[in-house]
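Listed below are the residues making up each chain.
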Amino acid sequence: MTLLLGACSNNKQAYQQVTADPAENAHAAFINSEGKSIGEAVLTETADGVQISLALQGLEPGERAIHIHAVGKCDKPTFETAGAHFNPTHKQHGYLNSKGYHLGDLPNLQVDKDGTVDLEFSTKAFTLRPGESNSIIDKDGTAFIIHESADDYKTDPSGNSGKRIACGIIKK
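Residues numbered from 1 in each chain as written. Predicted model: local features only at pLDDT ≥ 70, side-chain atom pairs only at ≥ 80, totals over all residues. Heavy atoms only, no water.

**Digging into the confidence of the model for the protein chain**
As a general rule, the predicted coordinates of low-pLDDT regions are not to be interpreted in detail.
1) Next: Residues of the protein chain with pLDDT of at least 70 account for 87%, and the chain-wide mean is 90.
2) Next: In this model, residues 1-9 is a region of pLDDT below 50 whose contacts with residues beyond four sequence positions or in other chains number 24 contacts. (pLDDT = per-residue confidence, 0-100. Contact = heavy atoms within 4.5 Å.)

**Details of the side chain of His67**
1) Next: Structurally, the position occupied by His67 is in strand 7 (residues 66-69).
2) Next: Classification of His67 as buried rests on a relative accessible area of 0%.
3) Next: Separated by 2.8 Å, the side chains of His67 and Asp151 make a polar contact.
4) Next: Not counting residues up to four positions away in its chain, the partners in contact with His67 are His85, His93, Gly104, Asp105, Leu106, Ala143, Phe144, Ile145, His147, Asp151, Ser158 and Ser161. (Helix = DSSP H or I, 4+ residues; strand = E, 2+ residues; numbered from the N terminus. Buried < 20%, exposed > 50% of the residue type's maximum accessible area, 1.4 Å probe, protein only. Polar contact = N/O pair within 3.5 Å; in protein donor to acceptor, adjacent residues only side chain to side chain.)

**Section: unusual backbone geometry**
1) Next: The omega angle of the peptide bond from Lys76 to Pro77 is 10°, so this bond is cis rather than trans.
2) Next: With respect to the element layout, Pro77 can be found in the loop between strand 7 and strand 8 (109-111).
3) Next: In this structure, Tyr101 follows Gly100 across a cis peptide bond, with omega equal to 20°.
4) Next: Inspection of the secondary structure assignment puts Tyr101 in the loop between strand 7 and strand 8.
5) Next: The backbone phi angle of Phe79 is positive, close to 60°, even though this residue is not glycine.
6) Next: For Phe79, the position within the fold is in the loop between strand 7 and strand 8.
7) Next: A residue is classified by how much of its surface remains accessible, and Phe79, at 0% relative accessible area, is buried.

**Digging into the state of the cysteines**
1) Next: This structure, assessed with the given rule, holds 1 disulfide.
2) Next: With its sulfur 1.9 Å from that of its partner, Cys74 forms a disulfide with Cys167. Around the S-S axis, the bridge from Cys74 to Cys167 shows a dihedral of about -70° and counts as left-handed. Placement of Cys74 in the loop between strand 7 and strand 8 and of Cys167 in strand 11 (residues 164-171) is noted, with a sequence separation of 93 residues between them.
3) Next: By relative accessible area, Cys167 is classed as buried at 0%. (Disulfide = S-S within 2.5 Å.)

**A short note on the layout of surface pockets**
1) Next: Approximately 230 Å³ is the volume attributed to the largest pocket.
2) Next: Around the largest pocket, the lining is made up of 13 residues, and of these Asn32, Ser33, Leu59, Lys163 and Ile165 lie nearest the centre.
3) Next: Looking at the lining of the largest pocket residue by residue, the class counts come to 3 nonpolar, 4 polar and 6 charged. (1 Å grid on protein atoms, 1.4 Å probe; cavity = no way out; pocket = protein on both sides within 12 Å on 5 of 7 lines; lining within 4 Å. Points joined across faces, edges and corners; volume = space filled by probe spheres on them. Nonpolar A, V, L, I, M, F, W, Y, C, P; charged D, E, K, R; others polar.)

**Points about the nonpolar core**
1) Next: With 29 residues, the main nonpolar core has Phe30, Leu43 and Phe144 as its most contacted residues.
2) Next: Going through the elements one at a time, strand 3 (25-32), strand 4 (37-46), strand 5 (49-56), strand 7, strand 8, strand 9 (117-123), strand 10 (142-147) and strand 11 are the ones with two or more residues in this core.
3) Next: With 4 residues, strand 5 is the largest single contributor of residues to this core.
4) Next: In terms of nonpolar packing, the next biggest core, distinct from the first, is built from 6 residues, Cys74, Phe79, Ala82 and Cys167 among them. (Core = buried A, V, L, I, M, F, W, Y, C linked by side-chain atoms within 4.5 Å.)

Below, the structure written as structure tokens:
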């Protein structure tokens, strides 16, 4: 992207060309096990990692696990087509596991009493830049999965988080 910045000096306008790479962005539209839309995620590559903004509704209140899974498929009702967690480093699951963690492991979500989630967080575990070994943008895609229970952050392979209740394919 190229921008021209103008400034006035002695009644003459001076222009300076500024070049900046556009930020890498992606999004995911979430569905529940019935195929109904329940919200979205917006992902943006920043200097501090990938910023993830979630806006969801229609979930049961309480703590729920959310992970990035290795395949960009969301076949309802069980979402098993999303595969295992995104794990290019071949670790075990969980922030508290001495052999972990998967790069697709994320902090648990707290679903409000009204069934909504509205939050932003960042992670340096993966990137949106295609071609990098930790990129979630690849040929078979990736997907967010929300589970019915909280992640215990240690049990391999998925933190004892229960069945898959929502899915969102991550797309550029």
